[in-house]
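# Descriptive analysis of the structure
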Amino acid sequence: MAEFLQQLINGLSIGSIYALIAVGYTMVYGVLQLINFAHGDIFMVGAMVALVAARTFGFIPVENVSHPWLALAAVTAVSLLVCGGLGFAVERLAYRPLRDKPRINSLITAIGVSLLLEYGGQHKKVFGPTPQPFPADLVPGASTQLFAIGGVVVSQIDAIVLVVTLFLMLTLSYIVLRTRTGLALRAVSHRFDTAALMGINTDRIISFTFVLGSTLAAMAGLLYAVKYPSVNPLMGLLPGVKAFVAAVLGGIGSITGAVVGGLVLGLVEVMVVGYMGPSGSQYKDGIAFVVLIAILLVKPSGLFGRNAIEKV
Amino acid sequence: MPSKKSDILPHADALPPAPLPALPVLSDKSGWGQALLANWSIPVVLLLVVAIGYLLEKANIKSYYQRILILIGFNIILAVSLQLINGFSGQFSLGHAGFMAVGAYAAAYPAISYSARLTNPLGVLLYLVSVLLVIGIAAGALWGILFLIRRTRLAHPALPGILLLMLAAWLLVDWAATARSDTPPWWAVWSRGVAALRGLFGWLTSHGQPGARTLSLKIPEIIRQPLCMLVLLAGGGCSAAVAGLVVGLPTLRLRGDYLAIATLGLAEIIRIAIQNSEPLGGALGLTGIPKATTFAWLYGAAFLTTIAVWRLAYSPRGRAIVAVRDNEIAAASVGIDTTRHKVLAFTIGAFFAGIAGALYALHERSVTPSSFGVQRSIEIVVMVTLGGLGSISGAILAAVVLTILPEALRPIEAYRMIIYSLLLIGMMLVRPQGLLGGRELWPRRWRPNRSPQPVDRPRVTEVTR
Amino acid sequence: MPNSIFQRLGALLFLCAAGLSLASCDRSGSSSSTDSATEIKIGHVASLSGDTATFGVSADEGIRLALDEINATGGVLGKKINVVTLDDRSLSEEAKTATQRLIDDGSIALLGEIASSRSIAMAPIAQERKIPMLSPGSTNPKVTADPNGDPRDYIFRACFIDPFQGQAIARFALENLKLKKFAFLYPVNSDYGVGLRNFIGEELKRQGAQVLADLSYNEKSDVDFRSQLTKIKNANVDAIFCTGYYQEAGLIAKQARELGLNVPLIGCDGWDSDKTIQVGGKAVEGCFFSNHYSPDEDRPEVKKFVDGYRAKYKNPDGSRKVPDAMAVLGYDAMKLMADAISRAKSTEGAKIRDALASTTNFPGVAGPVTIDANHNAKKSLVVIEIKNGQFTFKTRINP
């Protein structure tokens, strides 16, 4: 029982990271119906920029920092700003010119942007190809135990990530459902042309979505780096794909769905390792895709997605 | 030369007609492109390819250039076959490397275990036939069970679902029980079925292989190796086609991005399965595969692939495939079986990807699962899209350019992939319809004068977001 | 608008790119005829980008350091050595293409690759072209042995092979540490990690020790090992063999301690990097790993190498870089190759091959190297304990 509970915690812990990335994915997809392949790489940029910022500000080693929370805020701000700007630029330069072209074109440019960020990041003068340790202690006591009951351990960072994820989910839901921008956003995602006719500045809404999605990715990257303090320019690849699976699982375009999808995916992966015999751990990554295909075949709209009727 | 036809590239019509009259099948347009596609030209071109291959071997060309030439050949086959799926049938597949992997391993494994120097064509054939037989029996049995379950719907509409769930539960319990003991209990029908199939396979191998080996020795030596190659290529292609069929049947219900991500996922599942398979060498892959792919084999296969895809794409059936792409509902309403045509294109595309995989394995001498990752699938998709969706010659052109480009950028090695990705984005922005944009370098037999290039135009379903 | 100016422009751009690529292909080919009279060209195939970029980068740094030292003392045979490094993006096809190019461009010998799967891809080409190839760090036995039984007499390696390392570290755990129950946590997508796990497992089985958990992860992509570690924790083992690289070693240790799993982790030479400690921190204290050398050994070669490396290379944050296993192996491979060329007194492939094959007790940083009949380096191995945030020498195991 203790093992099962621990696995449950493990699943929620990794799942909340997927959820955090998936929220950004689902926002962009919901509005543009574009798989933003570069989302995982913006996530990477978020973590790497935070590292570079911490280094430039002299926050490494962390023992020298007198106010770790202030330092953390500064690093986070830089990372969010850079990624927000990056998201804006990517949308403006690479996606907007292709908006009225077939979606496949945007997909190819998205792949191009993703390759650019990956290989650009691997360049010696940018981040360099080798993995680098991240100053996780910027969040004081991140990896210490929060509590341990009967052998079941929950560490601080797990709780932080989960709380941040839920907080962001609520904030986003508020923005989307309760503000005027959110209304416009929903209108654009519902029917692009009609929204434009109703006087909504669609370009601005889409830029806003990208900036928001990219800052979310940066936030996720930062937390991810605190939790797994070894960062490199290719770190966004797999979490990006997994988060996409999570977004589809939850119903793409639904913020709650993305969070639930992320948590479910995390749980499924952990349980596969825990209870599928020795080969379970080997097939862990495969399971994410099996889940994806199963959900696409059985209920393509996902757990929380609205049933879209394909129009002629 | 009418300006409507001419792009920036010289048009085939401007060239003198082919020296020989082409067969009626293809003779409604003449030109060197058409001549290349005519029936009589196939053996001629193949002979030519063999001759060039021979000359290349004699000529003292740097092996680096030879290698690039070979890599171009692989990419041509892959790009052209993916063009059939992505360009003509409009099913956006991101899993081509998966089918290539199936073909590569299907050819590599028997080549290593049964025919170390490719001298045992019959042994390889027997192996491949036994594998396909076993898979066929399993698939048939599964299909039968599913069919019977579906029929129970007549008794009660909820019955199939319940039965299916029970079956799945049985499978799990069966699996768990078998994992715990060496002898599966009597009710473990699933595991026993698998064991029986394994037994059948073992019987076929142990009883057939020695005979096949001796029979193989009776084949004249000079054709033994080519025969073995043919068997391996066909085996690789057929295995990939089977995989394509199995993957395609359920997933082709999905559209657009969903299909893309599902095919990507399936290709990854194939790769992960191979990576975890002990007999297939795991992460290290298979080594010691005899090297048999030559220029002639590769470009012969590339030419045949091009011909086959071309003829399919511009045949009545190809028109049906294109119709499904342009408007599925309209196509269905004029009596086109949409699912069938989608699966057809998908399976044939997978078949040629499998052949490319087999050729690849027999050239590289070692195959590793990491060679067939998402990255490769994406590379092929990029070729197809840059060449222009729905243009076979465009795919070939893009395959050539995109293979050379990263190598040409070697002098500025640190920046080459950055430049590559920038070029990719730039190309898409400046010329979104791709290099040839749905046209061919030479006139195709069937020319849709009434509808200008459908790919250039956003589809109705995509405008309504 | 099929003929708009933009489309023409785009197509032109593309064709220009194509033309340019062909042209530059030609140019680089012809420029290969560098003055072979004054320099000796050695090719190095390395993964400078892609998912195993860190191997190639480190190996290349080690090689360049050795190269500087060799050329500073006049090179070999009176000529300077020029090492040309080509990137293979961590892909085996690219490794083969790069190999062909290096040989075509006049490399008389090859160094590389680190990853066994890519060395295995390169080996047949080097063998066919009769160019001696020395892999600095591919530990899989298949690199130097052709599975068809054809000899690969031009292929060498400068490191020990997995069977020896696995056996040695297993014995160390059983005999020196007196442990009995073990778990494996290995990278399933790495030939290196899987190979080591198999060889350690065989030795444990032979000695009658128990393996109570056998779990895997994906190298270079997995960062969360909690579910595997939870299973291991419940299996109640004495130690965990982690046969992966340092990227994961620190994270694994950290997460194990978070879960309250306080048994030692035992690794292999893939752990040798200061990042193991930087990431793992206190979590890796009391862990062991097998290595080629120990930085605190007082052999002159070791001191010279470590000091030289620290002086030459910097981390992105400006601190001095500490060499990892790949850098050591690259350094040794370069030195060994130069030594072989000078002993061969010639730049002919066959002569360098013979010189390499007859290497005995070459004083490498990673211990004296003797090339055996199978072209593997026979050398001793060091077990390192992580103590007070330092790699400290524990014991030496001879073959």
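What comes next is a walk through the structure. All values reported here derive from a predicted model rather than from experimental measurement. (Residues numbered from 1 in each chain as written. Chains lettered and ligands numbered in written order. Predicted model: local features only at pLDDT ≥ 70, side-chain atom pairs only at ≥ 80, totals over all residues. Heavy atoms only, no water.)

### Focus on the overall build of chain A
- Scanning chain A for helices and strands turns up eleven helices and four strands.
- Against the globule reference of 20 Å for 312 residues, chain A gives a C-alpha radius of gyration of 19 Å, in line with a compact fold.
- In terms of principal-axis extent, the alpha carbons of chain A reach across some 55 × 45 × 35 Å.
- Looking at chain A as a whole, 63% of its 312 residues are labelled buried.
- Only carbon and sulfur atoms are counted for the fraction: they give 69% of the accessible area of chain A, which is about 11,500 Å².
- One finds the centroid of the 19 positive side-chain charges in chain A at a distance of 10 Å from the centroid of its 13 negative side-chain charges. (Helix = DSSP H or I, 4+ residues; strand = E, 2+ residues; numbered from the N terminus. Rg over C-alpha atoms; globule rule 2.2 N^0.38 Å. Buried < 20%, exposed > 50% of the residue type's maximum accessible area, 1.4 Å probe, protein only. Areas by Shrake-Rupley, 256 points an atom, 1.4 Å probe, with all protein chains shown as cover. Lys, Arg positive; Asp, Glu negative; His and termini not counted. Charge placed at Lys NZ, Arg CZ, Asp CG, Glu CD.)

### Brief notes about the packing of aromatic side chains
- Taken as a whole and assessed by the stated rule, the structure comprises 33 aromatic pairs over all chains.
- Judged by centre distance (5.6 Å) and plane angle (70°), the rings of A:Phe57 and A:Phe59 are edge-to-face.
- Overall, A:Phe59 belongs to the buried group, its relative accessible area being 15%.
- Through a chain of ring-to-ring contacts, three or more aromatic side chains come together here, namely C:Tyr293, C:Phe305, C:Tyr309, C:Tyr313 and C:Tyr331.
- The ring of B:Tyr360 is capped by B:Arg376, whose NZ or CZ atom sits 5.3 Å from the centre of that ring.
- The ring of C:Tyr154 is capped by C:Arg353, whose NZ or CZ atom sits 4.8 Å from the centre of that ring. (Phe/Tyr/Trp six-rings, centres within 6.5 Å; stacked < 30°, edge-to-face > 60°. Lys NZ or Arg CZ within 6 Å of the ring centre and 35° of its normal.)

### Digging into the sheet that holds strand β6 (residues 181-187) of chain C
Residues and elements named next belong to chain C.
- The strand order across the open sheet formed by seven strands is β7-β6-β8-β9-β10-β14-β15, and the pairing between neighbours is mixed. Taken across any chain shown, the strands that pair with only one partner, and hence form the sheet edges, are β7 (210-217) and β15 (390-397). For this sheet the average axis-to-axis angle between neighbouring strands, irrespective of direction, equals 25°.
- Here helix α5 (residues 162-176) sits on the sheet and contacts β6, β8 (239-242), β9 (265-267), β10 (288-291), β14 (381-387) and β15; the angle it forms with β15, its principal contact strand, is near 95°.
- Contacts from helix α7 (residues 226-235) reach β6, β7 and β8 within the one sheet, and its direction differs from that of β7 by about 175°. (Pairing = 2+ DSSP bridges. Axes fitted to C-alpha atoms, helices over the stretch in contact; angles between N-to-C directions. Contact = heavy atoms within 4.5 Å.)

### Points about the nonpolar core
- Counting residues in each nonpolar core, the largest one holds 253 residues, and the members touching the most others are B:Val367, C:Leu229, C:Ile232 and C:Ile240.
- Broken down by element, the residue count for this core peaks at 15 residues, all from helix α3 (residues 63-88) of chain B.
- Among residues more than four places away in sequence, those in contact with C:Leu229 are C:Leu185, C:Ile240, C:Ile252, C:Gln255, C:Ala256, C:Leu259 and C:Leu261.
- Core analysis: the next-biggest nonpolar cluster, separate from the first, contains 42 residues, C:Ile42, C:Leu134, C:Tyr313 and C:Tyr331 among them. (Core = buried A, V, L, I, M, F, W, Y, C linked by side-chain atoms within 4.5 Å.)

### Some thoughts on the environment of A:Thr256
All names here are of chain A.
- In this fold, Thr256 is placed in helix α10 (residues 255-275).
- What makes Thr256 partly exposed here is its relative accessible area of 33%.
- Between the alpha carbons of Thr256 and Ser301 there is a distance of 14 Å; along the sequence they are 45 residues apart.

### Points about unusual backbone geometry
Residue and element names in this part refer to chain C.
- The peptide bond linking Gly112 to Glu113 adopts the cis configuration, its omega dihedral lying at -15°.
- Within the fold, Glu113 resides in the loop between β3 (109-111) and α4 (116-129).
- At Lys220, a residue that is not glycine, the phi angle is positive and equals roughly 70°.
- Here Lys220 shows up in the loop between β7 and α7.
- We note that His375 has phi near 70°; this positive angle belongs to a residue other than glycine.
- Positionally, His375 belongs in the loop between β12 (367-371) and β13 (377-378).

### Some words on the state of the cysteines
All names here are of chain C.
- Summed over all chains, the structure comprises zero disulfides over all chains.
- Unpaired in terms of disulfides, Cys268 finds its nearest cysteine sulfur in Cys242, a separation of 9.6 Å.
- When its relative accessible area of 1% is taken as the criterion, Cys268 is described as buried. (Disulfide = S-S within 2.5 Å.)

### Thoughts on the sheet that holds β12(C)
- One open sheet accounts for three strands, arranged β11-β12-β13 (chain C); its pairing is antiparallel. The open sheet has two edge strands, β11 (362-364) and β13 of chain C, and neither has a second partner.

### A word on the interface of chain A and chain B
- Tallying the contact residues gives 53 residues for chain A and 47 residues for chain B.
- Across the chain A to chain B interface the summed buried area is about 4,600 Å²; carbon plus sulfur atoms make up 73%.
- Of all residues in chain A, the largest losses of buried area upon contact with chain B belong to A:Ile104, A:Ile108 and A:Leu297, amounting jointly to 13% of the total for that side.
- The interface formed by chain A and chain B contains zero salt bridges.
- For the interface between chain A and chain B, the tally reads three residue pairs in polar contact (both at pLDDT 80 or more).
- Looking at the side of chain A that touches chain B, the element that brings in the most residues is helix α4 (residues 103-122) of chain A, giving 13 residues.
- Residues belonging to the side of chain A that touches chain B are distributed by class as follows: 33 nonpolar, ten polar and ten charged. (Buried area = accessible area lost by both parts, 1.4 Å probe. Salt bridge = Lys/Arg side-chain N within 4 Å of Asp/Glu carboxyl O. Polar contact = N/O pair within 3.5 Å; in protein donor to acceptor, adjacent residues only side chain to side chain. Nonpolar A, V, L, I, M, F, W, Y, C, P; charged D, E, K, R; others polar.)

### Thoughts on the pattern of salt bridges
- Counting across every chain of the model gives 48 salt bridges over all chains.
- For A:Asp203, the salt bridge is made with A:Arg99, and the minimal N-O distance between the two is 2.6 Å. Here A:Asp203 is found in helix α8 (residues 202-227), whereas its partner A:Arg99 is found in the loop between α3 (68-95) and α4, with 104 residues between them in sequence.
- Residue C:Glu94 is joined to B:Arg416 by a salt bridge in which the shortest nitrogen-to-oxygen separation is 3.1 Å. Of this pair, C:Glu94 sits in helix α3 (residues 92-104) while B:Arg416 sits in helix α16 (residues 416-430), each in a different chain.
- The class of C:Glu94 is buried, set by a relative accessible area of 8%.
- For B:Arg416, a relative accessible area of 1% puts it in the buried group.
- Each of B:Glu379, B:Glu407, B:Arg410, B:Glu413, B:Arg416, C:Asp87, C:Arg89 and C:Glu94 takes part in one network of salt bridges that share partners.

### Here's the deal with helix α11 (residues 316-326) of chain B
- Within the span of α11(B), buried status applies to B:Gly318, B:Ala320, B:Ile321, B:Val322, B:Val324 and B:Arg325.
- In this fold, the buried residues of α11(B) make contact with α3, α10 (295-313), α12 (328-333) and α13 (338-364) of chain B.

### Let's talk about the environment of A:Ala94
- Along the chain, the position of A:Ala94 falls in helix α3.
- A:Ala94 sits in the buried class, given a relative accessible area of 5%.
- Taking the C-alpha atoms as reference points, A:Ala94 and A:Ala110, 16 residues apart in sequence, are found 7.6 Å from one another.
- Leaving out residues up to four positions away in the same chain, A:Ala94 has contacts with A:Ala89, A:Thr109, A:Val113, B:Ile425 and B:Leu429.

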